[in-house]
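Examination of the molecular architecture
The primary structure of each chain is shown beneath.
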Amino acid sequence: QVQLVESGGGLVQPGGSLRLSCAVSRVSISSFAMAWFRQAPGKERQFVTGISWSGATAYYADSVKGRFTMSRDNAKNAVYLQMNSLKPEDTAVYYCAAKFGSSWSRRADEYDYWGQGTQVTVSS
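This text gives an overview of the structure that appears in the document.

1. Overview of the sheet that holds strand E8 (residues 78–83)
What the four strands build is an open sheet, ordered E1-E3-E8-E7; its pairing is antiparallel. The two strands at the open ends of the sheet, each matched to only one other strand, are strand E1 (3–7) and strand E7 (68–73). Looking at each pair of strands side by side, their axes are set apart by 15° on average, direction ignored. Alignment of strand E3 (residues 18–25) against E8, held across six bridges, turns out to be antiparallel.

See below:
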């Protein structure tokens with residue numbers, strides 16, 4: 001079955017950086033739009049960023065715009081999330097998601113596959 005495995009989370013101080021990776025197996029991501037969501041304790045899962053299947057277009061939630069950058073490498077079957085200038089409010093479990101087709105969506109229920117998540121904690 002299709003597997004998405006996130007890595008790269010951890011504890012970082014405010015203002016620091018982390019790079020998350022999502023490795024996908026058993027399916028080619030070139031047929032999928034990809035996205036990152038996050039979920040903080042007691043809150044709903046929140047869209048962070050999405051990228052089209054070619055990587056030509058990406059969209060960012062206002063809360064991360066200018067600080068986070070999503071990229072994809074279809075040859076490596078992986079996507080990445082570079083997070084800079086991290087804030088305590090970025091603390092959450094970050095999930096990678098795949099949606100069959102060319103366009104990303106902000107709706108979690110439109111995604112076909114999900115990873116298990118990786119914890120990001122921003123604290124001094």
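2. Regarding the pairing of strand E11 (residues 118–122)
Taking every second residue as pointing to the same face, the buried face of E11 carries Thr118, Val120 and Val122, while none of Gln119 and Thr121 on the other face is buried. Strand direction decides the pairing type here: strand E9 (residues 92–100) and E11, joined by three bridges, are antiparallel. Bridging from a neighbouring strand, Val93 pairs with Gln119 of E11.

3. Some remarks on the pattern of salt bridges
Considering all chains together, one arrives at five salt bridges under this definition. Close ionic contact of Asp90 with Arg38 constitutes a salt bridge, the shortest N to O distance being 2.9 Å. Of this pair, Asp90 sits in the loop between E8 and E9 while Arg38 is found in strand E4 (residues 32–39), placing the two residues 52 residues apart along the sequence. Of the two residues, Asp90 and Arg38, both sit in the buried class.

4. Things to note about the environment of Glu44
Note on placement: Glu44 falls in the loop between E4 and strand E5 (46–51). Once residues lying within four places of it in the same chain are set aside, the contact partners of Glu44 are Arg38 and Gln39.

5. Here's the deal with unusual backbone geometry
Residue Asn77 is not a glycine yet carries a positive backbone phi of 55°. Along the chain, the position of Asn77 falls in the loop between E7 and E8. According to the relative accessible area criterion, Asn77 is buried, its value standing at 14%. If you check the backbone angles, Ser85 has positive phi at about 50° while not being a glycine.

Criteria and thresholds
- Note that residues are indexed from 1 along each chain, following the sequence as it is written.
- Confidence filtering applies because this is a predicted model: local features only for residues at pLDDT of at least 70, side-chain atom pairs given and counted only at 80 or more, and all residues used for totals across whole chains, interfaces and linings.
- Processing note: side-chain calculations cover all non-hydrogen atoms of the structure and skip hydrogens and water entirely.
- Strands pair, by our definition, only if DSSP identifies at least two bridges between them.
- In this description a helix means any DSSP run of H or I spanning at least four residues, a strand means any run of E spanning at least two, and both kinds are numbered starting from the N terminus.
- To obtain each axis, a line is fitted to C-alpha atoms, and for helices this fit is confined to the stretch in contact; angles are then taken between N-to-C directions over 0 to 180 degrees.
- Only protein chains enter the accessibility calculation, which uses a 1.4 Å probe. A residue is then buried if its area is under 20% of the maximum for its type, exposed if over 50%, and partly exposed in between.
- By convention in these notes, a salt bridge is any Lys or Arg side-chain nitrogen within 4 Å of a carboxyl oxygen on Asp or Glu.
- Whether two residues are in contact is decided by their heavy atoms, any of which lying within 4.5 Å being enough.

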